[in-house]
Amino acid sequence: MVLASMTCVQLGLAVSIGLMDQLGATGVAWLRLTWAGVLLLVLVRPRPSAFTRSSLLACVALGVVTAGITMLFMASVERLPLGTASALEFLGPLGVAIARGRGRARLWAVVAAAGVLLLTEPWHGAADPVGVAFALGAACCWAAYILLTQKVGDELSGLHGLAISMPVAALVATAVAGPSVLTALSPEILLAGLGLALLLPVIPFALELSALRRLTSAAFGTLMSLEPAIALAVGLFLLGQVPAWVPVAGIGLVVAALCARDPRPDEVVAG
């Protein structure tokens, strides 16, 4: 489920880049989140009786964080290669893996961190600093997203949590993007946005919610270490972003950390 989620995310981001010339980064993020919110409300139709005050607040917080991930990351890929932006964003789940992991879990998270360093090559100083700042902001939101998604998944069944958090994310994106995006919309763009919303975030977020019901946040955060490698592959084959050998070595370290790290028995949640 985690692998399928990451693949959907990176394919959705690659396709989203093509719409940036028409809507801009915030406009594309708004379009995806709005469609996702509408789809989940219609399909799930959450009942107020299914929520406690605690679970409802967690869903609202998850929605705010989801908007932050989406809009900040879209702004970063407007300025950075997809692989670099994804590697920086990955510092969020990596931090969760280090903070929540124990023993060898932290060791392999450090190995993955070394791979991220090789992927970004900060010593060259060529990366756009604003793009880096956006990606790091998305990383912070992603760390919070993992913790909140697990909390929502523990308290609510099915997709009820997403049916609240995604409309909240859409409202936050609307407040940020403003009415200026509406003037650039066309039937073709709206239809493309519907497809994008399914590819990212509806399908991957639903898969991640299911995965986090079975894994701890530490195990999930380490599994997500494969995402920069997937992003680099998508950037190469779909966007023509050819990496140098140093980033490829970084991929090797990230994949090695993923393959070598076996979750401890207490890191897998029954269900």
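Before reading further, recall that the structure is shown in the block above.
In this report, we go over the structure that sits alongside the text.

Conventions adopted
- Residues numbered from 1 in each chain as written.
- Predicted model: local features only at pLDDT ≥ 70, side-chain atom pairs only at ≥ 80, totals over all residues.
- Heavy atoms only, no water.
- Disulfide = S-S within 2.5 Å.
- Axes fitted to C-alpha atoms, helices over the stretch in contact; angles between N-to-C directions.
- Helix = DSSP H or I, 4+ residues; strand = E, 2+ residues; numbered from the N terminus.
- Parallel < 35°, antiparallel > 145°, perpendicular 65-115°, else oblique.
- Left-handed = near helix turned anticlockwise from the far one by under 90°.
- Contact = heavy atoms within 4.5 Å.
- Expected span 1.5 Å × (residues − 1).
- Bend = angle between axes of the 7 residues up to and from the residue.
- 1 Å grid on protein atoms, 1.4 Å probe; cavity = no way out; pocket = protein on both sides within 12 Å on 5 of 7 lines; lining within 4 Å.
- Points joined across faces, edges and corners; volume = space filled by probe spheres on them.
- Nonpolar A, V, L, I, M, F, W, Y, C, P; charged D, E, K, R; others polar.
- Patch = residues over 30% accessible without salt bridge, like charges linked within 9 Å, V, L, I, M, F, W, Y side chains within 5 Å.
- Areas by Shrake-Rupley, 256 points an atom, 1.4 Å probe, with all protein chains shown as cover.
- Salt bridge = Lys/Arg side-chain N within 4 Å of Asp/Glu carboxyl O.
- Core = buried A, V, L, I, M, F, W, Y, C linked by side-chain atoms within 4.5 Å.
- Buried < 20%, exposed > 50% of the residue type's maximum accessible area, 1.4 Å probe, protein only.

### Overview of the state of the cysteines
Line of reasoning, step 1. Tallying each qualifying case throughout the model produces zero disulfides.
Line of reasoning, step 2. With no disulfide of its own, Cys 140 has Cys 141 as its nearest cysteine by sulfur position, at a separation of 6.9 Å.

### Focus: the packing of helix α1 (residues 2–17) against helix α9 (residues 187–211)
Line of reasoning, step 1. Interaxial distance between α1 and α9 falls to 8 Å at its minimum, and their mutual angle equals 160°. In terms of their interaxial angle, α1 and α9 are classed as roughly antiparallel. The interaxial crossing formed by α1 with α9 has left-handed handedness. Note on element contacts: α9 touches α1 through Leu 196, Leu 199, Leu 200, Ile 203, Pro 204, Leu 207, Glu 208 and Ala 211, opposite Val 2, Ala 4, Ser 5, Cys 8, Val 9, Leu 11, Gly 12, Leu 13, Val 15 and Ser 16.

### Quick word on helix α2 (residues 20–44)
Because the α-helix completes a turn every 3.6 residues, residues three or four places apart line up on one side.
Line of reasoning, step 1. Along its 25 residues, α2 runs just 30 Å from first to last C-alpha, ending more than 12% under the 36 Å computed at 1.5 Å per residue.
Line of reasoning, step 2. Thr 26 marks where α2 bends most, by close to 75°.
Line of reasoning, step 3. Two residues or fewer after α2 comes Arg 45, characterised by a positive phi angle close to 50°.

### Points about empty space enclosed by the protein
Line of reasoning, step 1. In total, this model carries one cavity of 30 Å³ or more according to the counting rule given.
Line of reasoning, step 2. Forming the walls of the largest cavity are 17 residues, and the residues nearest its centre are Val 9, Ile 69, Glu 89, Leu 200 and Phe 205.
Line of reasoning, step 3. Going through the elements one at a time, α1, α3 (53–77), α4 (82–89), α7 (129–155) and α9 are the ones with two or more residues in the lining of the largest cavity.
Line of reasoning, step 4. Taken together, the residues that form the lining of the largest cavity break down as ten nonpolar, three polar and four charged.

### A closer look at a nonpolar patch on the surface
Line of reasoning, step 1. A cluster of nonpolar side chains, Leu 11, Leu 236, Phe 237, Leu 238 and Val 242, forms an exposed patch at the surface whose accessible area comes to about 510 Å².
Line of reasoning, step 2. At three residues, helix α11 (residues 227–239) tops the list of elements feeding residues into the nonpolar patch.
Line of reasoning, step 3. Mapped onto the fold, Leu 238 is located in helix α11.

### Observations concerning the nonpolar core
Line of reasoning, step 1. Residues Met 74 and Tyr 145 are the most contacted members of the largest nonpolar core, which totals 68 residues.
Line of reasoning, step 2. Those elements that place two or more of their residues in this core are α1, α2, α3, α4, α7, α8 (160–177), α9 and α11.
Line of reasoning, step 3. When sequence neighbours within four positions are dropped, the list of residues in contact with Tyr 145 reads Leu 62, Val 65, Thr 66, Ile 69, Phe 205 and Glu 208.
Line of reasoning, step 4. The next biggest cluster of nonpolar side chains, apart from the first, holds seven residues, and it includes Phe 90, Ala 109, Ala 112 and Val 116.

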